[in-house]
Amino acid sequence: MIRLENIALTHDQLSAKEAMEVVGQLLLNNESIHPQYIQNMIQSYDRLGPYFVIAPGIAIAHAQPDESVIKHDLALLVSKKEVYFNSHNDPVHLIFGLCAPSAHHHMDGLVALAELLSDETIITQIKEANDITTIHQLIHLNHQGENV
Amino acid sequence: MKELKVQAVCGFGVGSSTLLKMKLDQAFKKNGITASVFAGDVATASSVECDVIFTSLELAENLKQRAKVPVIVIHSFVDKVEIETKAMAYVESVKIL
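Nothing here was measured: the structure is a model prediction, and the numbers come from that model.

### Observations regarding the overall build of chain B
If you tally the helices and strands in chain B, you get three helices and four strands. N-terminal to C-terminal, the α/β element order of chain B is β-α-β-β-α-β-α. For a compact globule of 97 residues, the expected C-alpha radius of gyration is about 13 Å, and chain B comes in at 12 Å, within 12% of that figure. With respect to the principal axes defined by its C-alpha atoms, chain B has extents near 30 × 25 × 20 Å. Every one of the 97 residues in chain B was classed for burial, and the buried ones make up 46%. In chain B, of all internal contacts separated by at least 6 residues, the share reaching a separation of at least 24 is 53%.

What follows is the structure in structure tokens.
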């Protein structure tokens, strides 16, 4: 669901926008988006607020599917420090970055993501992990157990 | 029994609203409620025909001014208990059973 190179771990104190830039950079490194998509995510945050902080500690940053997206992709930044989005679900430790070229493309990754996010034990373990290999294994473990 | 038309709303109708739609589907199915749940975006949500809207706190403030149907706030889009409780409270309130 999320490849190893799409996962980052930071000990830095990031602002909400900095965290969105870091997770956007992962998508950019994969050539999944054009740089404009990162700006679109941040503009969406400015305009619509932190509605994408969908659960305690969890943000799913994304923007509208448009030509700034090259292919569907999902990345994850785990922040050891608390990130504040001015949401009732602050502080945030898991910042996902999602992109899709059309609304239709969002579905596949999201089903698996929804299951992952519903598992509090795995989420806690991901938050506490100290390296990206462990985080990748935790996500993978959950995904395998799904029986989809 | 009339089928409920339920709209799950986020910024663009593609990301978090799809997560919420899946959770609402599960909640209605578990309780034997026939509901058609679909994802929508905040810009067009109030003009799309539906019986009820579920969305986040931030977007609810925006939607409540325009929507003609009840707008129900979900604090956590992955909390099965919160979503099921609020979904079923809505069903009770319209006495569809």
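Still more to cover.
### A closer look at the sheet that holds strand 2 (residues 35-41) of chain B
Residues and elements named next belong to chain B. Ordered by their spatial adjacency, four strands build an open sheet running 2-1-3-4, and the pairing between neighbours is parallel. Because the sheet does not close on itself, it has two edges, and the strands there are strand 2 and strand 4 (71-73). The mean inter-strand angle of the sheet, taken between neighbouring strand axes irrespective of direction, is 25°. Each of strand 1 (4-10), strand 2 and strand 3 (52-55) is contacted by helix 1 (residues 16-30), which is oriented at about 170° to strand 2, the strand it contacts most.

### Things to note about the interface of chain B and chain A
Counting residues at the interface gives 22 residues for chain B and 25 residues for chain A. Broken down by element, the side of chain B that touches chain A gets its largest block of residues, five residues, from helix 1 of chain B. In the side of chain B that touches chain A, the residues fall into 10 nonpolar, eight polar and four charged.

### Re the nonpolar core
Generally speaking, a soluble globular protein has its nonpolar side chains buried in company with each other. Ranked by internal contacts, the top residues of the largest apolar core, which has 79 residues, are Ala59, Ile95 and Phe96 of chain A together with Leu24 of chain B. Among the elements that make up this core, the one with the highest residue count is helix 1 (residues 16-29) of chain A (seven residues). Filtering out sequence-adjacent residues up to four positions away, Phe96 of chain A remains in contact with Ala59, Ile60, Ala61, Leu74, Ala75 and Leu76 of chain A.

### Points about unusual backbone geometry
Residues and elements named next belong to chain A. Put simply, Asp90 and Pro91 share a cis peptide bond, and its omega is -10°. Within the element layout of this structure, Pro91 appears in the loop between strand 3 (73-83) and strand 4 (92-99). Even without a glycine there, the phi angle at Glu31 is positive, about 60°. Structurally, the position occupied by Glu31 is in the loop between helix 1 and helix 2 (35-48). A positive phi angle is found at Asn86, which is not glycine, with a value near 65°. If you trace the backbone, Asn86 turns up in the loop between strand 3 and strand 4. In this structure Asn86 comes out as exposed when scored by C-beta crowding, with 11 C-beta atoms within 10 Å.

Analysis parameters
Residues numbered from 1 in each chain as written. Chains lettered and ligands numbered in written order. Predicted model: local features only at pLDDT ≥ 70, side-chain atom pairs only at ≥ 80, totals over all residues. Helix = DSSP H or I, 4+ residues; strand = E, 2+ residues; numbered from the N terminus. Rg over C-alpha atoms; globule rule 2.2 N^0.38 Å. Buried ≥ 20, exposed ≤ 12 C-beta atoms within 10 Å, placed from the backbone. Contact = placed C-beta atoms within 7 Å. Pairing = 2+ DSSP bridges. Axes fitted to C-alpha atoms, helices over the stretch in contact; angles between N-to-C directions. Nonpolar A, V, L, I, M, F, W, Y, C, P; charged D, E, K, R; others polar. Core = buried A, V, L, I, M, F, W, Y, C linked by C-beta atoms within 7 Å.

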